[in-house]
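Structural features, examined
So the chains spell out like this:
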Amino acid sequence: MKNCTECNYEFTFSDRLREAISFKPRLKCKKCNSVYKQQYTIYKVIYSSVIIFISLMIFDNIFLNNHILNYTLYILITVPILIIFDLLPHKFQKYEKL
Ligand SMILES: [Zn+2]
């Protein structure tokens, strides 16, 4: 979602970052105080599944000797890639106004 549907305020990168890392993700317009919630779409499910699947395959083949390091690296690399879906505005996101 690039702009607020009510007042056309353009959401900034930090607006979206705050939404992406929040436990209760809401995109709030600073200008008119409209609040939006991202809906789960099939695109998000596909994106997440593909990323998790690919990274599991890669990590399974590269790091085998140290399990703690393995899991830490896996989370440190996979989670930011998953968050990119929320961070960048694109047409596959769907938001509902609360
Ligand atoms: Zn607005």
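Residues numbered from 1 in each chain as written. Predicted model: local features only at pLDDT ≥ 70, side-chain atom pairs only at ≥ 80, totals over all residues. Heavy atoms only, no water.

As named in an unreviewed UniProt entry, the protein chain is Cxxc_20_cxxc protein, taken from Romboutsia lituseburensis DSM 797.

At the metal site, the zinc ion is ligated by Cys4 (SG), Cys7 (SG), Cys29 (SG) and Cys32 (SG), and these contacts range over 2.2 to 2.3 Å. Because the angles between the four donor atoms bound to the zinc ion fall within 103 to 114°, the donor set is best described as tetrahedral. Positions of the donor residues of the zinc ion, expressed as sequence spacing, correspond to C-x2-C-x21-C-x2-C. With Cys4 in the segment before helix H1 (13-20) and Cys29 in the loop between strand E1 (27-28) and strand E2 (35-39), this residue pair connects regions lying 25 residues apart in the sequence. In this pair, the class of Cys4 matches that of Cys29, namely buried. (Donors = N, O, S within 2.8 Å, 3.2 Å for Na, K, Ca; no water. Tetrahedral: all angles 85-135°; square planar, octahedral: opposite > 155°, others 65-115°. Helix = DSSP H or I, 4+ residues; strand = E, 2+ residues; numbered from the N terminus. Buried < 20%, exposed > 50% of the residue type's maximum accessible area, 1.4 Å probe, protein only.)

Here the focus is unusual backbone geometry. Non-glycine residue Asn8 carries a positive phi angle of around 70°. Positionally, Asn8 belongs in the segment before H1. Asn8 gets classed as exposed once you look at its relative accessible area, which sits at 55%. Positioned with a positive phi, Asn33 is a non-glycine residue whose angle comes to about 65°. Within the fold, Asn33 resides in the loop between E1 and E2.

For the rest of this paragraph, the subject is the packing of aromatic side chains. On inspection of all chains with the given rule, the structure shows five aromatic pairs. Measuring from centroid to centroid gives 6.2 Å for Phe11 and Tyr36, while their planes differ by 80°, and the two rings are edge-to-face. Here the residue Phe11 occupies a position in the segment before H1, and Tyr36 occupies one in strand E2, the gap between them amounting to 25 residues. The exposure class assigned to Phe11 is buried, which follows from its relative accessible area of 2%. (Phe/Tyr/Trp six-rings, centres within 6.5 Å; stacked < 30°, edge-to-face > 60°.)

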